[in-house]
Amino acid sequence: MITRKSKTVAVKAVVFDIGATLVTGPPVAPNKIIASVIGCTTPSEVAAVIMTQPLFSPVDAVAALEAKFGPLSTDASRAVEELWNSQANAAQEIGGSVETVLTLKKRGFKIGLVSDIWTPYYLSVQRAIPDILEVSDAVVLSFETGRRKPDLFNFNRVLEELHIEASEAVMIGDTYEHDILPAIELGMHTIWVLARPEREKDYIVRLLNADSPTPEFTVLDITQILHLPLFCRDRVTTKTSLSEV
Ligand SMILES: [Mg+2]
């Protein structure tokens, strides 16, 4: 028989992923595009270059890629420059995300952001959701720390900057492996925004088979989170877990 155990937990802060949680952008990630242009490398290897250091121009980006992968062809260099320019204008607010974050801020929650991101796309994010950046108490970016999810480093960094314990924070993101699983590991509350279910199929199956820990809540888009008991006015909620008896 399955029963629910409950404990009272005070929530003080809300930490958001950015891409596909607060903003939308091109359907194909920049590291995948660059990997296909360069050839003989993987999107993950490219991400480890472009998302873990500050880059100030397309020339900078090409130099960083060449330092890792060797000289780029003229066509590849031009493709990186074109990608940079398109990424710098690509982000768009997911409808209602600004209002949702501002509402949480007004309710007294601290706001944090944790993102794996490269410089031009972050410039685009700054233009797309300036009000969210304005009210954020901590912003932790991979190109500034040199670390990427699911590494716990950036999660711990944002908790430190917010001056709270993991159990006092809610992590909200669209990627189970990179946003939700590490947050569960740290003891944060979790809300999975299932904005791109086709990309999460493997984890949906694992969860249905009880092979991976479940998020505390799952929603279809960011605007649904305000109705969750985590964010009731007195900021005290009931964390529920299942157990066999
Ligand atoms: Mg994301």
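Residues numbered from 1 in each chain as written. Predicted model: local features only at pLDDT ≥ 70, side-chain atom pairs only at ≥ 80, totals over all residues.

## Quick look at the overall build of the chain
Secondary structure assignment for the chain yields 11 helices and 10 strands. For the chain, the C-alpha radius of gyration of 19 Å lies close to 18 Å, the compact-globule estimate for 245 residues. Viewed in the frame of its principal axes, the chain has a C-alpha envelope of about 65 × 40 × 30 Å. Taking contacts inside the chain between residues at least 6 apart in sequence as the whole, the part at least 24 apart equals 71%. (Helix = DSSP H or I, 4+ residues; strand = E, 2+ residues; numbered from the N terminus. Rg over C-alpha atoms; globule rule 2.2 N^0.38 Å. Contact = placed C-beta atoms within 7 Å.)

## Focus on the environment of I38
Note on placement: I38 falls in helix α1 (residues 30–38). A C-alpha to C-alpha distance of 6.2 Å links I38 and A76, two positions 38 residues apart in sequence. What I38 contacts, discounting residues up to four positions off in sequence, is L65, F69, L72 and A76.

## Looking at the environment of P71
Mapped onto the elements, P71 comes out in the loop between α3 (58–69) and α4 (74–87). Sequence separation between P71 and S212 is 141 residues, and the spatial gap between their C-alpha atoms is 42 Å.

## Describing the nonpolar core
It is characteristic of soluble globular proteins that their nonpolar side chains tend to be buried jointly. Ranked by size, the top nonpolar core spans 60 residues in total, and within it V14, V15, I50, A169, V170 and I172 carry the most contacts. Three or more residues apiece are contributed to this core by two domains, here domain 1 (2–25 + 91–244) and domain 2 (30–87). I50 has contacts with P30, N31, I34, L55, A61, A64 and W118, leaving out every residue within four places of it along the chain. (Core = buried A, V, L, I, M, F, W, Y, C linked by C-beta atoms within 7 Å. Buried ≥ 20, exposed ≤ 12 C-beta atoms within 10 Å, placed from the backbone. Domains from an automatic or database assignment.)

## So, the environment of I225
Position of I225 among the secondary structure elements: in the loop between β9 (217–219) and β10 (236–244). Between the alpha carbons of I225 and L104 there is a distance of 9.8 Å; along the sequence they are 121 residues apart. Apart from the residues lying within four places of it in its own chain, the contact partners of I225 are T100, I172, I191, V219 and F231.

## Concerning the domain arrangement of the chain
The assigned domain composition of the chain is domain 1 (2–25 + 91–244) and domain 2 (30–87). Taking the mean C-alpha position of each, domain 1 and domain 2 sit 28 Å from one another. Each side of the interface is counted separately: domain 1 has 12 residues, and domain 2 has 11 residues. Counting residues per element, the side of domain 1 that touches domain 2 draws most heavily on helix α6 (residues 119–128), which supplies 4 residues.

## Some details on helix α9 (residues 153–162)
Think of an α-helix as turning once every 3.6 residues; residues three or four places apart then point the same way. Within α9, burial applies to N154, F155, V158, L159 and L162. Along the axis of α9, the buried residues cluster in a sector spanning 140°; they form a single face. Buried residues in α9 make contact with β2 (13–16), β5 (110–115), β6 (138–141), α8 (142–145), β7 (169–173) and α10 (176–186). One or two positions beyond α9, positive phi appears at H163, with a value near 60°. (Arc of directions from axis to C-beta.)

## Regarding the packing of α3 against α4
The packing of two helices is summarised by the inter-axis angle and the distance between the axes. Where α3 meets α4, the closest approach of the two axes is 9 Å, and the angle between their N-to-C directions is 130°. It follows that α3 is oblique to α4 by the angle criterion. Seen from above, α3 lies across α4 with right-handed handedness. Contacts from P58, A61, V62 and L65 in α3 reach S77, V80, E81 and W84 in α4. (Axes fitted to C-alpha atoms, helices over the stretch in contact; angles between N-to-C directions. Parallel < 35°, antiparallel > 145°, perpendicular 65-115°, else oblique. Left-handed = near helix turned anticlockwise from the far one by under 90°.)

## Looking at unusual backbone geometry
For the bond running from K149 to P150, omega is 5°, close enough to zero to count as cis. Take P150: it is sitting in the loop between α8 and α9. Positive phi, close to 65°, is recorded for A20, a residue that is not glycine. Mapped onto the elements of the fold, A20 is located in the loop between β2 and β3 (23–24). The exposure class of A20 is partly exposed, given the 18 C-beta atoms found within 10 Å. Notably, A210 is not glycine yet its phi reads approximately 60°, a positive angle. Residue position: A210 is located in the loop between α11 (201–208) and β9.

## Here we look at the confidence of the model for the chain
Should the pLDDT be low somewhere, the predicted coordinates at that spot are not to be read in detail. Chain-level statistics for the chain give a pLDDT mean of 91 and a share of 91% at 70 or above. Low pLDDT, under 50, characterises residues 1–6; the predicted model gives this stretch 13 contacts beyond four residues in sequence or across chains. Segment residues 235–245: pLDDT under 50, and 30 contacts once partners within four positions in sequence are set aside and those in other chains are kept. (pLDDT = per-residue confidence, 0-100.)

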